[in-house]
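Chains, contacts and geometry: an overview
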Amino acid sequence: MAADLTGEYRTPGSSEESILRVFRNVWLVPPVGIDWRDSAWLSFGLAVHAPELSATHPDGLIVKVTSLVFPLAHFRSEVAALAMDGWVREEFHLRDRGLYAASCQGEGGFVFHWGENPDPFSGADFN
């Protein structure tokens, strides 16, 4: 279970493509044609770091994912969050926030840990 994420970032300009606001002045441009679940998990992986990115980029920050490649046979959408987390930490030299997957019996063979964050998309936030 792995994914390879390629991205780039820039300061917002006057004419922007379709972007998702993740936090205050931090936006995400997902890859064209991505499944909505993968896009939501990419957003979460960026949101974990968004307050720090917002503070260090007061003019705004757009993170554009140019590619998200993964093996279809073993992919779960949650992996998109882990790929984004890894890319953001490497690109901006940010600390590890405790997001990871561990092998286990049941639950599709893996259990995901979201650090100090509540379980995303658990339903509690959507009521």
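Before going into details, it helps to say that this report is about the structure given with it. (Residues numbered from 1 in each chain as written. Predicted model: local features only at pLDDT ≥ 70, side-chain atom pairs only at ≥ 80, totals over all residues. Heavy atoms only, no water.)

This paragraph deals with the nonpolar core. Grouped together as the largest cluster of nonpolar side chains are 29 residues, with contacts concentrated most on L46 and M84. Looking at this core, the elements with two or more residues in it are β3 (26-29), α1 (36-47), α2 (50-56), β4 (61-69), α3 (78-92) and β6 (110-114). Those residues within four positions of M84 in sequence are excluded, and the remaining contacts are L5, L28, L42, G45, L46, V63 and V65. (Core = buried A, V, L, I, M, F, W, Y, C linked by side-chain atoms within 4.5 Å. Buried < 20%, exposed > 50% of the residue type's maximum accessible area, 1.4 Å probe, protein only. Helix = DSSP H or I, 4+ residues; strand = E, 2+ residues; numbered from the N terminus. Contact = heavy atoms within 4.5 Å.)

Tracing the backbone shows I62 in strand β4. I62 gets classed as buried once you look at its relative accessible area, which sits at 0%. Placed 53 residues apart in sequence, I62 and Y9 show a C-alpha to C-alpha distance of 5.4 Å.

Right, let's get into unusual backbone geometry. One non-glycine residue, R24, lies in positive phi territory at about 35 degrees. Within the secondary structure, R24 is located in the loop between β2 (20-23) and β3. For R24, a relative accessible area of 58% corresponds to the exposed category. A positive phi angle, close to 55 degrees, is found at H93, a residue other than glycine. In this structure, H93 sits in the loop between α3 and β5 (99-103). Judged by its relative accessible area of 71%, H93 is exposed.

A word on the sheet that holds β2. Strand order in the open sheet made by the four strands is β1-β4-β3-β2, with mixed pairing throughout. Because the sheet does not close on itself, it has two edges, and the strands there are β1 (4-10) and β2. With direction set aside, neighbouring strand axes in the sheet form an average angle of 30 degrees. Relative to the sheet, α1 contacts β1, β2, β3 and β4, its axis offset from that of β3 by approximately 150 degrees. This element, α3, spans β1, β3 and β4 of the sheet and lies at about 50 degrees to β1. (Pairing = 2+ DSSP bridges. Axes fitted to C-alpha atoms, helices over the stretch in contact; angles between N-to-C directions.)

Turning our attention to α1. Relative to the 16 Å expected for twelve residues at 1.5 Å per residue, α1 spans 16 Å between its end C-alpha atoms, a close match to the ideal helical length. The set of residues buried in α1 consists of D38, S39, W41, L42, S43, F44, G45 and L46. Backbone nitrogen of R37 and a side-chain oxygen of the N-cap are separated by 2.8 Å at the start of α1; the cap is D35. (Expected span 1.5 Å × (residues − 1). Polar contact = N/O pair within 3.5 Å; in protein donor to acceptor, adjacent residues only side chain to side chain.)

On to the packing of aromatic side chains, then. Per the stated rule, a full pass over the model turns up seven aromatic pairs. Summarising the aromatic geometry, the rings of W41 and F44 are spaced 6.0 Å apart at their centres and angled 85 degrees between planes, so their arrangement reads as edge-to-face. You can see W41 and its partner F44 sitting in helix α1, three residues apart, about one turn around the helix. A residue is classified by how much of its surface remains accessible, and W41, at 10% relative accessible area, is buried. Note on W41 and F121: the rings are 4.8 Å apart at their centroids and 80 degrees apart in plane angle, and the pair reads as edge-to-face. A residue pair is termed long-range when its members are at least 10 positions apart, and W41 in helix α1 and F121 in the segment after β6 qualify at 80 residues. Among the residues examined, F121 registers a relative accessible area of 37% and is labelled partly exposed. (Phe/Tyr/Trp six-rings, centres within 6.5 Å; stacked < 30°, edge-to-face > 60°.)

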